[in-house]
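Below are the chains, spelled out letter by letter.
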Amino acid sequence: MFKQKIKSISILLILGLLFNGCAKRENDNNYNEDYEKVDTINILEWNDKKINKYIGKNNDGISIDAVVYVYSNKLYTGRVLKSMPTVEDMENVVLDGKKMVEEHTENDLFDDNNNINGKKIDSYYALYEKNNDELKAMFSNNELEGSIVFSDYKKYHFEFDDKKATYLDASNYDMVHYENETLDALHMNVKPFKFYEGIENNNKINEIRFLNMLDDIPFLNSNLGLDYTTIRKVGSNIAEIRYAPNLEFINEKKGVNQVLSPEAIIEIINNEYKNGNISVSNDWVIDRITLGYIETKDENVIPVWIFTSNFLGDEIVTYAFDAVTGKIVFDFGRGDTEQ
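These numbers come from a predicted model, not from an experiment.

J.: Can you explain the overall build of the protein chain? Please cite residues and give values.
T.: Counting secondary structure elements, the protein chain contains four helices and 25 strands. Here the protein chain holds 339 residues, and 49% of them are scored as buried. For the protein chain, the exposed area adds up to about 17,800 Å²; of that, 44% sits on carbon and sulfur atoms.

J.: Account for the pairing of strand β10 (residues 133–141), naming residues and giving values.
T.: Here strand β9 (residues 122–130) pairs with β10 via nine bridges, running antiparallel. The partner of Ala126 across the bridge, within β10, is Ala137. Two successive antiparallel strands, β9 and β10, enclose a turn made up of two residues, where Asn131 displays a positive phi of approximately 55°. Where β10 meets strand β11 (residues 146–150), five bridges bridge the pair, whose relative direction is antiparallel. Counterpart to Ser140 in the pairing with β11 is Ser147. What sits between β10 and β11 in their antiparallel hairpin is a turn of four residues.

J.: Go over the side chain of Asn212, please, and point to the residues and values.
T.: Mapped onto the elements, Asn212 comes out in strand β14 (residues 203–214). Apart from residues no more than four positions distant in its own chain, Asn212 is found in contact with Asn189, Val190, Ile217, Pro218, Phe219, Asp227, Tyr228, Thr229, Ala244 and Pro245.

J.: Can you break down the nonpolar core residue by residue, with the values?
T.: By size, the foremost hydrophobic cluster in this structure holds 40 residues, and its most contacted members are Ile62, Ile64, Ile289, Trp305, Phe307 and Phe321. Ranked by residues supplied to this core, first place goes to helix α4 (residues 262–274) with six residues. In this structure, Met100, Leu186, Phe210 and Ile231 belong to the second largest nonpolar core, which totals 35 residues.

J.: Go over the packing of aromatic side chains, please, and point to the residues and values.
T.: Scanning the entire structure with this criterion turns up 13 aromatic pairs. Their ring planes at 75° and their centres at 5.6 Å tell us that Tyr167 and Phe193 sit as a pair that is edge-to-face. In this pair, Tyr167 is assigned in strand β12 (residues 166–167) and Phe193 in strand β13 (residues 190–200), connecting sequence segments 26 residues apart. Tyr167 sits in the partly exposed class, given a relative accessible area of 33%. Classification of Phe193 as buried rests on a relative accessible area of 3%. With centroids separated by 6.5 Å and ring planes inclined at 65°, the aromatic side chains of Phe330 and Phe332 adopt a geometry described as edge-to-face. The class for Phe330 is buried, based on a relative accessible area of 7%.

J.: Hey, could you go over the confidence of the model for the protein chain for me, with residue numbers and the actual values?
T.: With 82% of its residues at a pLDDT of at least 70, the protein chain reaches an overall mean of 83. Helix α1 (residues 2–18) is the least confidently modelled element of the protein chain, averaging 42 in pLDDT, while strand β19 (residues 258–260) averages 96, the highest of any element. Contacts from residues 1–18, a stretch scored under 50 in pLDDT, to residues over four places away or in other chains number 20 contacts. Overall, residues 107–111 carries pLDDT values under 50, and its contacts beyond four positions in sequence, including any with other chains, amount to seven contacts.

J.: Describe the environment of Ile241, naming the residues involved and giving the relevant values.
T.: Relative to the assigned elements, Ile241 resides in strand β17 (residues 237–243). In the structure, Ile241 is positioned eleven residues away from Thr230 in sequence and 5.7 Å away in space, judged by C-alpha atoms. Setting aside its immediate chain neighbours within four residues, Ile241 contacts Val94, Gly146, Ser147, Ile148, Thr182, Leu183, Thr229, Thr230 and Ile231.

J.: Please provide a residue-by-residue account of the pattern of salt bridges, values included.
T.: For the structure shown, the criterion picks out twelve salt bridges. In this structure, Glu91 engages Lys99 in a salt bridge whose closest nitrogen and oxygen atoms are separated by 3.5 Å. Residue class for Lys99 comes out exposed when judged on its relative accessible area of 60%. Across the salt bridge formed by Arg232 and Glu240, the nearest N and O atoms sit 3.4 Å from each other. Overall, Arg232 belongs to the buried group, its relative accessible area being 17%. Assessed through its relative accessible area of 11%, Glu240 is described here as buried. One network of salt bridges, in which partners are shared, links Glu207, Arg209, Arg232, Glu240 and Arg242.

J.: Give me helix α3 (residues 177–185): which residues, what numbers.
T.: Within α3, the full set of buried residues consists of Glu179, Thr182 and Leu183. Considered in projection along α3, the buried side chains sweep an arc of 90° and stay on one side of the axis. Residues of α3 that are buried in the fold lie against α2 (87–93), β13, β14, β16 (228–234) and β17. Downstream of α3 by one or two residues, His187 has phi in the positive range, about 65°.

J.: Just give me the short version of unusual backbone geometry, but keep the residues and values in it.
T.: If you check the backbone angles, Asp96 has positive phi at about 50° while not being a glycine. For Asp96, a relative accessible area of 73% corresponds to the exposed category.

Rules behind the numbers
Residues numbered from 1 in each chain as written. Predicted model: local features only at pLDDT ≥ 70, side-chain atom pairs only at ≥ 80, totals over all residues. Heavy atoms only, no water. Helix = DSSP H or I, 4+ residues; strand = E, 2+ residues; numbered from the N terminus. Buried < 20%, exposed > 50% of the residue type's maximum accessible area, 1.4 Å probe, protein only. Areas by Shrake-Rupley, 256 points an atom, 1.4 Å probe, with all protein chains shown as cover. Pairing = 2+ DSSP bridges. Contact = heavy atoms within 4.5 Å. Core = buried A, V, L, I, M, F, W, Y, C linked by side-chain atoms within 4.5 Å. Phe/Tyr/Trp six-rings, centres within 6.5 Å; stacked < 30°, edge-to-face > 60°. pLDDT = per-residue confidence, 0-100. Salt bridge = Lys/Arg side-chain N within 4 Å of Asp/Glu carboxyl O. Arc of directions from axis to C-beta.

Spelled out as structure tokens, the structure:
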């Protein structure tokens, strides 16, 4: 946790150094032109395509050396339902049927009903023995995240900042088959994304990150980061599972038939750059362009093109654009959204 805080602080500190202001640049007379759209039935042709482009002059520009990721050509708009695994799910899937006990958190932030800021926090525990020690498995849920953590693995820090991740695809899902089955049994719609491994306290440790999917499309959460579900293991044993809400469309969803291609979005970035309407990260390289979803302020989900750059093992979202209109909905350098 401390390591994650340091990482977050580092991102904030370098933000001012890496991103230039949006000073007005030369006007672009063709900025309002219509950009070419592609039928969604053909959008899978973009998957695995490589795009290399530098926008700007000298060192005052945006560097793109990216691979495009398109997971599905079935795109929709609509509202979504968010749900979390129940305590019964955890008992049956992770604890082999062992029952958990509801735990009230003694904290001034919580009221008598275990609410914090008006939101319910579900908290449970189960006791078990290992090497003659009485240990604890702790499970908690709130509206934004949940976890189950086994106390005997607290001494492990799972620090992989100096490790290069193995990116998982259909060809090597077998290496995380058990973990994938576990999350499927917990009713989580996820896809394996990254695999880290290392040695700590003379034991093999690993961390598998899964992308949370909405109808097979990655989801960009309200904090403008990709939603992950993470399993950490020591040897063959699960040390913890941390997860984001599961997502599914509710009521009627409307199909999207055409979207702008990634190259069309890059044309828009170029024009936004010329007009001084986009921040610039001089030292960062955009290395992934992903077709995903985001929930707008009116709680409607829309498809977006997500541009990310790897920083200390994390995929930092630099820009997100409405995949249909081309409107910028997130700019990391400005830290605001225009959904």
